[in-house]
Amino acid sequence: MPGGNSAAAGGKTGVRIVVVGDRGTGKSSLIAAAATESFPENLSPVLPPTRLPADFFPDRVPITIIDTSASLESRGKLNEELKRADVIILTYACDFPLTLTRLSSFWLQEFRRLEVKVPVIVVGCKVDLRDENQPISLEPVMGPIMQQYREIETCIECSAVTLMQVPDVFYYAQKAVLHPTAPLFDQDTQALQPRCIRALRRIFILCDSDMDGALNDAELNDFQVKCFDAPLQPAEIVGVRRVVQEKKKEGVNDLGLTLEGFLFLHSLFIDKGRLETTWAVLRKFGYGNDLKLRDDFLPAPSKDAPDQSVELTIEAVEFVRRVFRLFDTDNYGALRPTELDELFSTAPENPWGEAPYKDAAERTTQGNLTLKGFLSEWALMTMLDPRGSLANLLYIGYGGNPASALHVTRRRSVDRKKQQTERNVFHCLVFGPKNAGKSTLLNSFLGRPFSESHELIAGERYAVNVVDQHGLSLQGNKKTLILREIPEDGVKKFLSNKESLSSSDVAVFVYDSSDEYSWKRSNELLVEVARHGEESGYGVPSLIIAAKDDLDPHPMSVQKSVCQELGIGASIPISSKLGDMNNVFCRILSAAEHPHLNIPETVAGRKRKQFHQLVNHSLLFMSVGAAFAVAGMAAFRAHSGRRNSPS
């Protein structure tokens, strides 16, 4: 599988190389020799930026070389350039050993102090001046330094006078940027990086057309043509198999090249310094330097308005259902952690291992993810991160048109005017004071048992599940409801964004029914949110939930009057402790499905609405009056015309 010249450069349109090192190490001479292909006699102390044209190296990416001064008065300028660098060339003088020791005693430490995290190419200049009686072997000197400073990509010695290896210096520097080692290979373990293995496994599966676990001759040739625009000759295929079989017996079987063999080949390329071959393959299949699919391979739809959202299409939902059944190997109706890891083994990582997805969906008592939980996680990810959701669909094998996997919903303002919605996924904000029962409500939504002492989770939290009008079920009119808990101390920050309510379908306000302060604070939050909705134009249906109904209740008369004043329904009593949830999740869903109802109105909002209606009525009256006046004038002119016309 020989690798041709890769035109893909990871999206880079230029490489910025900053050359640094002690005074007198040959920085300027090195740059000038590369640019002019001759040794310069007279040079200024610091050269202006030097540009090597795009056709200087095979990748056809232009290079800008920045010369620097090591003087103290130029230190600020040097630090600025280092922070703008794509790669650093660090020089020492072969005829002055002290400059070699300064690499680790000063320069490499300085890069780390400045938090400059780019590849470093160590270059020994003036090799033609080295004392022949004192030969130096680079390996014992640089080996320990490279072990300590993994950012060093390679070491090379050159001579500007004889032009020996001068172009190679800048080729290696460009290569370190366009074809970096770190994402592919772990120098400590001398093995492929986990994310690289995952990407190559996905590519192998995509190329294994007959899905027999091996690339036969035809599949191997198709792979070669796709990646390098050149077919493999029969002798080359035999050669590939022989090389793999000699070093990795399980890398080849009667059917062809196995996954183990495919991975071994890429390890071999990297070991031989041919990183551009592996990068050519990865980039042909859409991967960037972070070994994730690039944005240009992810045609995720964008919202035209903030009150729209993104959902999976029916086709995509059916695909994830099939994937669930495929990996539910024991047919228990839930994915064990190992099965879930295997499912995402061709993705950069399991996307649901961290917040906001971790613990956001229904699981069994053993911690396994149910089908409802699996579908719910996809719905949540699609709402929060459409591009990430599409990427993960592709990682796990979605073969349909990527552009047809997601769709943008109709604007919520249109839903309100039409008094109906076409959404399948609804977003509910959960407000309330501390200890009101918000977290317990979310836990109940996920089917988790009530606990007197539950772990407090700082910040926002999500809970998502499948609901229908007959309860939590996968039968009937299934919709997905996403609950987003907004902590009391985070409400001010949340409402500081004018569009904070735009992506929400409903809001609930939870209070402790036995605590008068809890009710008052919940009411204050309701008024704050209602006012924000009126001012921003993104008001949402709202419900009040009286939690802890098993405790002695606070008098309800005041609560009812407040609900009537705001124009919303009476509070819904629930008790998670007794398991009496009063069908609350279906009622939340129903409010979301009827976006024109239960929108609270403050006194100020009601007056503002009446004022606008009065103004509109007055304008209408004036328009009608003007129309009558115009019509009257026309009639008068017509009458006068008839009177004045000759008989």
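Per an unreviewed UniProt entry, the protein chain goes by Mitochondrial Rho GTPase and derives from Populus trichocarpa. In its Sequence similarities (unreviewed entry) section, the UniProt record describing the protein chain reads: "Belongs to the mitochondrial Rho GTPase family." Word for word, the UniProt comment on the protein chain under Subcellular location (unreviewed entry) is "Mitochondrion outer membrane".

Participant: How would you summarise the sheet that holds strand 17 (residues 461-467) if you had to cite specific residues and measurements?
Facilitator: The six strands lie next to each other as 17-18-16-19-20-21, forming an open sheet whose pairing is mixed. With one partner strand each, in any of the chains shown, strand 17 and strand 21 (572-573) form the two edges of the open sheet. Packed onto the sheet, helix 13 (residues 371-384) meets strand 16 (425-431), strand 17 and strand 18 (479-485) and runs at close to 125 degrees relative to strand 17. Each of strand 16, strand 19 (506-512) and strand 20 (542-547) is contacted by helix 18 (residues 516-536), which is oriented at about 160 degrees to strand 19, the strand it contacts most.

Participant: Any details on the pattern of salt bridges? Residues and values, ideally.
Facilitator: Applying the stated criterion to the full structure yields 31 salt bridges. The shortest N-O distance in the salt bridge between Arg150 and Asp188 comes to 2.4 Å. One end of the pair, Arg150, is in the loop between helix 4 (138-148) and strand 6 (152-157); the other, Asp188, is in the loop between strand 7 (185-186) and strand 8 (191-192), with 38 residues separating them in the sequence. Residue Asp188 is classed as exposed on the basis of its relative accessible area of 57%.

Participant: Describe the packing of aromatic side chains, and please don't skip the residues or the numbers.
Facilitator: Overall, the coordinates contain 18 aromatic pairs when judged by the stated rule. Seen from their ring centres, Phe374 and Trp378 are 6.3 Å apart, and the 80 degrees between their planes marks the pair as edge-to-face. Pair noted here: Phe374 and Trp378 are both in helix 13, with a separation of four residues, about one helical turn. Here Phe374 falls in the buried class, since its relative accessible area comes to 0%. Ring geometry for Phe445 and Phe585: centres 4.7 Å apart, planes at 45 degrees, overall tilted. One end of the pair, Phe445, is in helix 16 (residues 438-445); the other, Phe585, is in helix 20 (residues 584-593), with 140 residues separating them in the sequence. On the basis of relative accessibility, which here comes to 0%, the residue Phe445 falls in the buried class. The exposure class of Phe585 is buried, given its relative accessible area of 9%.

Participant: Hey, could you go over the packing of helix 2 (residues 75-84) against helix 3 (residues 97-113) for me, with residue numbers and the actual values?
Facilitator: Orientation of helix 2 relative to helix 3, taken along the N-to-C sense of each, is 70 degrees, at an axis distance of 11 Å. Comparing the axis directions of helix 2 and helix 3 gives the class roughly perpendicular. The way helix 2 lies across helix 3 gives a crossing that is right-handed. Residues Arg75, Leu78, Asn79 and Leu82 of helix 2 touch helix 3, and the partners they reach there are Phe106, Trp107, Glu110, Phe111 and Arg113.

Participant: Tell me what's going on with the pairing of strand 18, and back it up with residues and numbers.
Facilitator: Here strand 18 lies mainly inside the structure; seven of its seven residues are buried. Side chains Lys479, Leu481, Leu483 and Glu485 project from strand 18 onto one buried face, and the interleaved Thr480, Ile482 and Arg484 project onto a second face that is buried too.

Participant: Residues and numbers for the state of the cysteines, please.
Facilitator: In protein structure, a disulfide is the covalent linkage between the sulfur atoms of two cysteines. Applying the stated criterion across every chain, the model contains zero disulfides. There is no disulfide at Cys158, and the cysteine sulfur nearest it, in Cys125, is 4.3 Å away. When its relative accessible area of 1% is taken as the criterion, Cys158 is described as buried. With no disulfide of its own, Cys227 has Cys207 as its nearest cysteine by sulfur position, at a separation of 6.4 Å. Judged by its relative accessible area of 9%, Cys227 falls in the buried class.

Thresholds applied
In this convention, every chain numbers its residues from 1, walking through the sequence in written order. For this predicted model, a pLDDT threshold of at least 70 governs which residues receive local features, and a threshold of 80 or more governs which side-chain atom pairs are given and counted, while totals over whole chains, interfaces and linings are taken from all residues. Side-chain metrics rest on all non-hydrogen atoms present in the structure, leaving aside hydrogens and water. UniProt positions are given in the numbering used here, feature names are shortened, and annotations may be inferred rather than shown by experiment. Pairing between strands requires that DSSP locate at least two bridges from one strand to the other. Only DSSP runs of H or I with at least four residues qualify as helices, and only runs of E with at least two residues qualify as strands; both kinds are numbered from the N terminus onward. A contact between two residues is defined here by any heavy atoms of the two lying within 4.5 Å. Orientation is described by axes fitted as lines to C-alpha atoms, over the contacting stretch for helices, and by angles from 0 to 180 degrees between their N-to-C directions. Any Lys or Arg side-chain nitrogen found within 4 Å of a carboxyl oxygen on Asp or Glu counts as a salt bridge. With a 1.4 Å probe rolled over the protein chains alone, any residue whose accessible area is under 20% of its type maximum counts as buried; one over 50% counts as exposed, and the rest are partly exposed. To pair, rings of Phe, Tyr and Trp, with the six-membered ring standing in for Trp, must have centres within 6.5 Å; the planes then decide the type, stacked if under 30 degrees apart, edge-to-face if over 60, and tilted in the middle. Note that the term roughly parallel is reserved for angles under 35 degrees, roughly antiparallel for angles over 145, roughly perpendicular for angles of 65 to 115, and oblique for everything else. In this scheme the handedness of a crossing depends on how the near helix is turned from the far one: anticlockwise by less than a right angle means left-handed, clockwise means right-handed. What counts as a disulfide here is a pair of cysteine sulfur atoms lying within 2.5 Å.

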